[in-house]
Amino acid sequence: MPSSLKDNLNSRYFEAANSLASKKGRQRIVAYVESYDDILFWRSVLSVFENERRYFEVMLPSHKKLERGKKSVLMNFLDNGGRRKAENKVLGDAMIACVDADYDYMLQNATAQSRQVLQNPYVFHTYAYAIENMQCYAPSLHDVCVMVTLNDHRIFDFQDYMRQYSEAIFPLFVWSVWAYRTGNYHHFTLSDMARVIDPGGFNVMDPQSSIDHLRKKVSSKVRQLQAQFPDNKEAYLETKESVKALGVTPQTTYLYVQGHSLFDNVVVPILTKVCNRLRMERQEEIQRTARHHTQKKNEMSCYEHSLQDIRQMLKKNMGYRFAPEFLHIQQDMQDFLNGHVQSETT
């Protein structure tokens, strides 16, 4: 079946289902997301807007095929040319798309997909690069450690480290955005960026060493790009001011770099080492305070069975609820629903 016909049938199905419900019943709004991992995040966005008039159902774009990813979601709304404007109103009545921003937010309409994401009123995006960046929101990382280890001792300052990390990579981030906006990305790809901003070895007791090492790597790459594009100073400065105007600060750059690289190569390794120390600290406390061997054995067994997996806890982390990027998404949704209510009453 042609995708345009399938989309039309989907829209008509949801519209018909809503019309069959009592006028006092709740309207269902389907929110299509990219993958299973996105469902919890977008549920945390949308649940606050549910009331006696509406509810959301967050789902993947297809139940029949294993279609995943941003393009699959967007194809429920747009054809390859970004047309079908006349159908947007119908589709938007009961269907929205919720996607990672990736670099589409930074590109600011420089590509067809960026225009689709930023201009379609029924497409919502994360502002941060991806949901993984939100899960790695620095003020919430200590809470992740507590969920994993059941130890609330603050032995590491995540916020300070991620601030320094962001300040170190910010100059290179500006170069990366410039490269993708101007079509020069083959000279400096996201994969290149990810390799440079990987801090490598990390020591809980000496985190500054990894930051110093990172600054050296970034400086080296910046000098290379400056030599490769010697006439780019003005364009670089314009890009720098542009990304700042979009909400990126030198202190929060980590929220806008490639999400899975941040998750896998930066935050998980740090959490692993911090949580290992917190586990050892709790185990030593049990050994020190147990009155006899049996009590120690039982308490240790109970504690070890209560430990959680770091990656799973980080994926379930919702401490980003007060992040400016998250609040921005919610404001977009509020504006959309305000317009939706007004259209229903006119």
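Residues numbered from 1 in each chain as written. Predicted model: local features only at pLDDT ≥ 70, side-chain atom pairs only at ≥ 80, totals over all residues. Heavy atoms only, no water.

(A) Representation of unusual backbone geometry. Even without a glycine there, the phi angle at D102 is positive, about 50°. Structurally, D102 can be placed in the loop between β3 (95-99) and α5 (104-107). Owing to a relative accessible area of 22%, D102 belongs among the partly exposed residues under this scheme. Even without a glycine there, the phi angle at N109 is positive, about 75°. By relative accessible area, which is 28% here, N109 ends up partly exposed. (Helix = DSSP H or I, 4+ residues; strand = E, 2+ residues; numbered from the N terminus. Buried < 20%, exposed > 50% of the residue type's maximum accessible area, 1.4 Å probe, protein only.)

(B) Spotlight on the sheet that holds strand β1 (residues 27-32). Ordered in space as β2-β1-β3-β4, the 4 strands form an open sheet in which the pairing is parallel. What marks the edges here is a single partner per strand, and that holds for β2 (54-59) and β4 (123-125). Going from strand to strand, the sheet's axes swing by 30° on average, the running direction of each strand aside. Two strands pair when backbone bridges link them, and β1 and β3 are joined in this way by 3 bridges, in the parallel orientation. The residue bridging A31 from the neighbouring strand is I96, located in β3. Here helix α2 (residues 36-46) sits on the sheet and contacts β1, β2, β3 and β4; the angle it forms with β2, its principal contact strand, is near 165°. (Pairing = 2+ DSSP bridges. Axes fitted to C-alpha atoms, helices over the stretch in contact; angles between N-to-C directions. Contact = heavy atoms within 4.5 Å.)

(C) Molecular detail of the side chain of K221. Among the structural elements, K221 can be located in helix α11 (residues 207-228). Among buried charged residues, K221 stands out as having no salt bridge; its nearest opposite-charge side chain is D192, 5.4 Å away. Non-local contacts of K221, meaning those with residues more than four positions away in its chain, are made with L172, F188 and V196. (Lys, Arg positive; Asp, Glu negative; His and termini not counted. Salt bridge = Lys/Arg side-chain N within 4 Å of Asp/Glu carboxyl O.)

(D) Representation of helix α9 (residues 158-182) within the structure. If you check α9, its first and last C-alpha atoms are 34 Å apart, about what 25 residues at 1.5 Å a residue would give, namely 36 Å. Where α9 bends most, the angle comes to about 45°, and this point is F170, followed within four residues by the proline P171. α9 sits mainly inside the fold: 18 of its 25 residues count as buried. Its side-chain oxygen at 3.3 Å from the backbone nitrogen of Q159, D157 defines the N-terminal cap of α9. (Expected span 1.5 Å × (residues − 1). Bend = angle between axes of the 7 residues up to and from the residue. Polar contact = N/O pair within 3.5 Å; in protein donor to acceptor, adjacent residues only side chain to side chain.)

(E) Examining the packing of helix α8 (residues 141-149) against helix α13 (residues 259-289) more closely. As a packed pair, α8 and α13 sit with axes 10 Å apart at the nearest point and diverge in direction by 50°. By the angle class used here, α8 and α13 are oblique. As α8 packs across α13, the resulting crossing turns out to be right-handed. When α8 is examined against α13, the residues L141, V144, C145, V148 and T149 are found in contact with a partner set consisting of V267, L271, V274, C275, L278 and R279. Looking at side-chain class alone, the contact of α8 with α13 contains 9 nonpolar, 1 polar and 1 charged residues. (Parallel < 35°, antiparallel > 145°, perpendicular 65-115°, else oblique. Left-handed = near helix turned anticlockwise from the far one by under 90°. Nonpolar A, V, L, I, M, F, W, Y, C, P; charged D, E, K, R; others polar.)

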